[in-house]
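# Observations on the model geometry
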Amino acid sequence: MESLISDNIPAEVNYQVVAQCAEEIENIENAPAVSMRPYLIKSGQKSLLTTISIYSLPGESAEHMRFLYMNPEAIRVWEEMGKAPRIIGAQVRPPHAALLTLGIPFSE
């Protein structure tokens, strides 16, 4: 099985790995696909939808119920929204099994 978090982090990473616990995902506002688009539209930042890239994978424990792979722009907006992402790693691209949740697909 492909590792969720790269062991060898290259000099240039494109995605931060954010872990969300069971308690966090109980609040629908902690799902970027639900809350980020309305936030960007309300705050006059709709154009960022063409630069944000967020992928997700389900986790396997209550502590790591969902993994989000967020590019730097997505992390910045998430924090601007008052979220406190628990960053547990970084990698060049999301795992192949991850699904695009919001924004543009990864490209090299």
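Predicted model only: the values in this text are computed from it and were never measured.

## As for the nonpolar core
Within the largest apolar cluster, 15 residues are counted, with the highest numbers of intra-cluster contacts made by M36, L40, I52, I54, M70, V77 and L102. Sorting elements by how many residues they give to this core places helix α3 (residues 72–80) first, with four residues. Aside from chain neighbours lying at most four places away, what touches V77 is M36, Y39, L40, L48 and I52. Of all hydrophobic cores here, the second largest spans nine residues; its members include V17, A19, L57 and Y69.

## A short note on the packing of aromatic side chains
Here the structure, examined in full by the defined rule, presents one aromatic pair. Here the aromatic rings of Y15 and Y55 are separated by 6.1 Å at their centres, their planes lie at 80°, and the arrangement is edge-to-face. In this pair, Y15 sits in strand β1 (residues 15–20) while Y55 sits in strand β2 (residues 53–58), placing the two residues 40 residues apart along the sequence. A relative accessible area of 3% places Y15 in the buried class. Looking at Y55, the relative accessible area reads 10%, which means it is buried. The ring of W78 carries K83 above its face, with NZ or CZ at 5.5 Å from the centroid.

Parameters at a glance
- Residues numbered from 1 in each chain as written.
- Predicted model: local features only at pLDDT ≥ 70, side-chain atom pairs only at ≥ 80, totals over all residues.
- Heavy atoms only, no water.
- Core = buried A, V, L, I, M, F, W, Y, C linked by side-chain atoms within 4.5 Å.
- Buried < 20%, exposed > 50% of the residue type's maximum accessible area, 1.4 Å probe, protein only.
- Helix = DSSP H or I, 4+ residues; strand = E, 2+ residues; numbered from the N terminus.
- Contact = heavy atoms within 4.5 Å.
- Phe/Tyr/Trp six-rings, centres within 6.5 Å; stacked < 30°, edge-to-face > 60°.
- Lys NZ or Arg CZ within 6 Å of the ring centre and 35° of its normal.

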